[in-house]
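Fold and contact review
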Amino acid sequence: MIKKIKKVLVPIFLSVVCGSIFGRLVYSVYDSELENVINGKKVYLIQSGAYSSYDTMVSNTSLGNYVYYEDDGLFKSIIGITGNFDNIEKIKNTYEGEVIVSEYYSMDLELLKKIEGYDKKIDASNNLDNTKKIVVEMLSLYKNKDTTLKKIVS
């Protein structure tokens, strides 16, 4: 009888120990990833299009002031960046055509402070031309800068 109990208890004990170890490992990976996202601040990227190649993006994007990045094998042209949800509509109105708004998190505190400053300027702007100038200045923050953003998956 004791041998049968040992045969059952040993595998159960080993399963609990292995499960505990792997559970802690998986939790630590997701916990650090979640902490990075929580410590960041939400920014909105206003995108004019997504293209399969760089050359297609350049030929189809008539705007001279945009930044681009590659995501999921597509080149995406960004015509506006804001941290203020209310400014999205103002930025959309400065350009003609359809745009896509994507939400990301950034942890670059210096960049976030600059975006916040530009957002205040956009809030105060009542003129489309002034808003467009501010947006062009804001885009210069991203030109030639490797900035890591975490996509918000909905």
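Please read these numbers as outputs of a predicted model, since none were measured by experiment.

1. Quick word on a nonpolar patch on the surface
A cluster of nonpolar residues, Met1, Ile5, Val8, Leu9, Ile12 and Val16, forms a patch on the protein surface that exposes about 620 Å² of accessible area. Turning to its location among the elements, Ile5 is positioned in helix H1 (residues 2-39). Since its relative accessible area comes to 43%, Ile5 is described here as partly exposed.

2. Looking at a positive patch on the surface
On the surface, Lys3, Lys4, Lys6 and Lys7 cluster together into a positively charged patch. The exposure class of Lys4 is exposed, given its relative accessible area of 61%.

3. A closer look at the pairing of strand S3 (residues 74-82)
For S3, a buried count of 8 out of 9 residues is recorded, marking the element as mostly surrounded by other parts of the structure. Both strand S1 (residues 41-51) and S3 contribute to a ladder of 7 bridges, which runs antiparallel. Residue pairing across strands places Tyr51 opposite Phe75, the latter belonging to S3. Inspection of the sheet shows strand S2 (residues 67-71) paired to S3 by 5 bridges, in the antiparallel sense. By the bridge assignment, Tyr69 is partnered in S3 with Lys76.

4. Examining the confidence of the model for the protein chain
Per-residue confidence for the protein chain gives a mean pLDDT of 77; residues scoring 70 or more make up 80%. At the low end of the mean pLDDT range in the protein chain sits strand S5 (residues 149-151), at 52; at the high end sits helix H4 (residues 109-124), at 85.

Reading the values: the criteria
Residues numbered from 1 in each chain as written. Predicted model: local features only at pLDDT ≥ 70, side-chain atom pairs only at ≥ 80, totals over all residues. Heavy atoms only, no water. Patch = residues over 30% accessible without salt bridge, like charges linked within 9 Å, V, L, I, M, F, W, Y side chains within 5 Å. Areas by Shrake-Rupley, 256 points an atom, 1.4 Å probe, with all protein chains shown as cover. Salt bridge = Lys/Arg side-chain N within 4 Å of Asp/Glu carboxyl O. Helix = DSSP H or I, 4+ residues; strand = E, 2+ residues; numbered from the N terminus. Buried < 20%, exposed > 50% of the residue type's maximum accessible area, 1.4 Å probe, protein only. Lys, Arg positive; Asp, Glu negative; His and termini not counted. Charge placed at Lys NZ, Arg CZ, Asp CG, Glu CD. Pairing = 2+ DSSP bridges. pLDDT = per-residue confidence, 0-100.

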